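Examining the three-dimensional arrangement
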Amino acid sequence: MSITAGSRPDGTRPPAAVEESTAAVATAAAKDRAPRRTSKAGKAGKAGKVPMRIRLRRDRALILMTLPVIVLLLLFNYVPLLGNVVAFQEYDPYVSSNGITAIFHSPWVGVEQFSRMLDDPLFWSATKNTIVLFVLQLVLFFPVPIVLALVINSVIRPRVRAVAQAIMYLPHFFSWVLVVTVFQQILGGAGIIAQTLEKHGWSGFDLMTNADLFKYLVIGQTVWKDAGWGIIVFLAALSAVSTDLYEAAAMDGAGRWRRMWHVTLPALRPVIALLLVLRVGDALSVGFEQFLLQRYAVGAGASEVLDTYVWNMGIQNGDFSYAAAVGLAKGVVGVCLVLGANKFAHLLGEQGVYKK
């Protein structure tokens, strides 16, 4: 004998009130099992995003912590951009009681300062030195942190890895004054190497005053000082690589070099692309303090770059409008380089600084 749904074992049906009660209990149980959603969440789900007031209330602690940084960024990075207006003037800080109000009393000259810049042979000499140093840094310095990060990452003992990482990262905290002093004591005419050679009957040398080798000297100083910072960045990227990928590659018969080529380097590609885009955008800013400290040792012909050129024209010579024009042109070219390099990164399938 078959028993239909809602019937008793004896074949009779229960009263209608009992059926309604059973249906109500089943409906209530289904509601209890369903995920509960607040009205705010429901509204957010319908709209597709969380309302601004809810996000502000939720992230108010993070906003308060970042507020001092935002204020400093506005004061020291964006407010000074308004001073670029002097690039289109014949600015004279003494025409008024203070330098700020002098902007409103200085005569306008249009693009005269930019025309002067293009006709200045010293500007083109500084630009040439800047581009040559950028290319050398890109070829000789940029790969060094990647190689060192791969070497440190291959070290098995954590203690040895930590000590090597600390030793390489320590010079990053040194000022350029200290870095130049250390190189002077080692490679200068009165340095350790020159004095040792002279004691053994050989002629000494003074690498710190050699204008022909100056570009390679500054690359060596940059590698010694800043390679450790790049190592930290690439090691952080390597720490996110799953060990399962290395184990799977090893089970497939891949050796150490093939694992590095097919697992490690693809994991570093996004970071390499990002740093490369930023480095290309900073192509015209190869350094200021490093070159200024060694300017008188090798001469302006070898050490003059755009940053020191702007400093000489604006601070030493008092030609503020011309220096502002050079700095503004340098910034515009840097922005164009960032956009172009980021577009090239997109063509290679990388994110770069921002997504498409």
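Residues numbered from 1 in each chain as written. Predicted model: local features only at pLDDT ≥ 70, side-chain atom pairs only at ≥ 80, totals over all residues. Heavy atoms only, no water.

A word on the layout of surface pockets. The computed volume of the largest pocket comes to approximately 680 Å³. Looking at the largest pocket, it is lined by 20 residues, and the ones nearest its centre are Pro 80, Leu 81, Asn 84, Gly 327 and Leu 328. Element by element, the count of residues in the lining of the largest pocket is highest for helix α19 (residues 320-347), at 9 residues. Among the residues making up the lining of the largest pocket, the classes are represented as 13 nonpolar, 5 polar and 2 charged. Computed from the structure, the second largest pocket encloses a volume of approximately 520 Å³. Lining the second largest pocket are 20 residues; nearest its centre among them are Phe 141, Thr 222, Asp 226, Trp 229 and Arg 279. Listed by contribution, the elements that provide at least two residues to the lining of the second largest pocket are α7 (121-141), α12 (214-239), α14 (256-281) and α15 (289-293). Top element by residues in the lining of the second largest pocket is α12. It accounts for 5 residues. Tallied by class, residues from the lining of the second largest pocket come to 10 nonpolar, 6 polar and 4 charged. (1 Å grid on protein atoms, 1.4 Å probe; cavity = no way out; pocket = protein on both sides within 12 Å on 5 of 7 lines; lining within 4 Å. Points joined across faces, edges and corners; volume = space filled by probe spheres on them. Helix = DSSP H or I, 4+ residues; strand = E, 2+ residues; numbered from the N terminus. Nonpolar A, V, L, I, M, F, W, Y, C, P; charged D, E, K, R; others polar.)

Let us now look at the packing of aromatic side chains. Under the definition given, this model contains 10 aromatic pairs. Considering the side-chain rings of Phe 174 and Trp 224, the 5.9 Å spacing of their centres and the 45° angle between planes classify their relative orientation as tilted. Taken together, the positions of Phe 174 in the loop between α9 (158-169) and α10 (176-187) and Trp 224 in helix α12 put the pair 50 residues apart, joining distant regions of the chain. Taken together, a centroid distance of 6.0 Å and an interplanar angle of 70° make the contact between Phe 214 and Phe 291 edge-to-face. Taken together, the positions of Phe 214 in helix α12 and Phe 291 in helix α15 put the pair 77 residues apart, joining distant regions of the chain. Taken individually, Phe 214 and Phe 291 each receive the classification buried, so the pair is uniform in this respect. Above the plane of the ring of Tyr 322 lies Arg 116, whose end atom (NZ or CZ) is 4.1 Å from the centre. The cationic tip of Lys 225 hangs over the ring face of Trp 176; the distance from NZ or CZ to the ring centre is 5.2 Å. (Phe/Tyr/Trp six-rings, centres within 6.5 Å; stacked < 30°, edge-to-face > 60°. Buried < 20%, exposed > 50% of the residue type's maximum accessible area, 1.4 Å probe, protein only. Lys NZ or Arg CZ within 6 Å of the ring centre and 35° of its normal.)

For the rest of this paragraph, the subject is the side chain of Asn 129. Inspection of the secondary structure puts Asn 129 in helix α7. The class of Asn 129 is buried, set by a relative accessible area of 15%. Among the polar contacts listed, one links the side chain of Asn 129 to the backbone oxygen of Gly 301, at a separation of 3.0 Å. What Asn 129 contacts, discounting residues up to four positions off in sequence, is Ala 300, Gly 301, Ala 302, Glu 304 and Val 305. (Polar contact = N/O pair within 3.5 Å; in protein donor to acceptor, adjacent residues only side chain to side chain. Contact = heavy atoms within 4.5 Å.)

To continue, consider the pattern of salt bridges. Inspection of the entire model under this criterion finds 5 salt bridges. Across the salt bridge formed by Asp 319 and Arg 116, the nearest N and O atoms sit 2.6 Å from each other. Here Arg 116 lies in helix α6 (residues 112-118) and Asp 319 lies in the loop between α18 (306-316) and α19, a separation of 203 residues in the sequence. Taking relative accessible area as the criterion, Arg 116 reaches 38% and is therefore assigned partly exposed. We note a salt bridge from Asp 307 to Lys 330, for which the minimum N-O separation is 3.4 Å. With a gap of 23 residues between them, Asp 307 in helix α18 and Lys 330 in helix α19 connect regions that are remote in the sequence. Across the pair, exposure class does not vary: Asp 307 and Lys 330 are buried alike. (Salt bridge = Lys/Arg side-chain N within 4 Å of Asp/Glu carboxyl O.)

This paragraph deals with the nonpolar core. Of all hydrophobic cores here, the largest spans 20 residues; its most connected members are Leu 133, Phe 183, Met 208, Phe 214, Leu 217, Val 286 and Phe 291. Only α7, α10, α12, α14 and α19 provide two or more residues apiece to this core. Filtering out sequence-adjacent residues up to four positions away, Val 286 remains in contact with Thr 130, Leu 133, Phe 134, Gln 137, Arg 279, Phe 291, Val 305 and Asp 307. Of all hydrophobic cores here, the second largest spans 17 residues; its members include Tyr 91, Phe 123, Met 313 and Ala 324. (Core = buried A, V, L, I, M, F, W, Y, C linked by side-chain atoms within 4.5 Å.)

Contact geometry for helix α13 (residues 243-251) and α14: axes closest at 10 Å, N-to-C directions at 145°. Every pair of crossing elements has a handedness; the one defined by α13 and α14 is right-handed. Only Arg 259, Val 263 and Thr 264 of α14 make contact with α13, whose side of the interface consists of Leu 245, Tyr 246, Ala 249 and Ala 250. Among the residues making up the contact of α13 with α14, the classes are represented as 5 nonpolar, 1 polar and 1 charged. (Axes fitted to C-alpha atoms, helices over the stretch in contact; angles between N-to-C directions. Left-handed = near helix turned anticlockwise from the far one by under 90°.)

With that settled, the discussion passes to the side chain of Ser 106. You can see Ser 106 is positioned in the loop between α5 (102-105) and α6. Only 3.3 Å separates the side chain of Ser 106 from the backbone nitrogen of Asp 92, close enough to count as a polar contact. Only 2.7 Å separates the side chain of Ser 106 from the backbone oxygen of Ala 102, close enough to count as a polar contact. In this view, Ser 106 contacts Gln 89, Glu 90, Tyr 91, Asp 92 and Val 95; residues no more than four positions away in its chain are not counted.

A word on α7. For α7, with 21 residues, the first-to-last C-alpha span of 29 Å sits near the 30 Å given by 1.5 Å per residue. One side-chain oxygen of the residue at the start of α7 lies 3.1 Å from the amide nitrogen of Leu 122, identifying that residue as Asp 120. (Expected span 1.5 Å × (residues − 1).)

Confidence along the chain averages 82 in pLDDT terms, with 86% of residues attaining 70 or more. Long-range and interchain partners of residues 1-11, a stretch whose pLDDT sits below 50, account for 11 contacts in this model, where long-range means more than four residues apart. (pLDDT = per-residue confidence, 0-100.)

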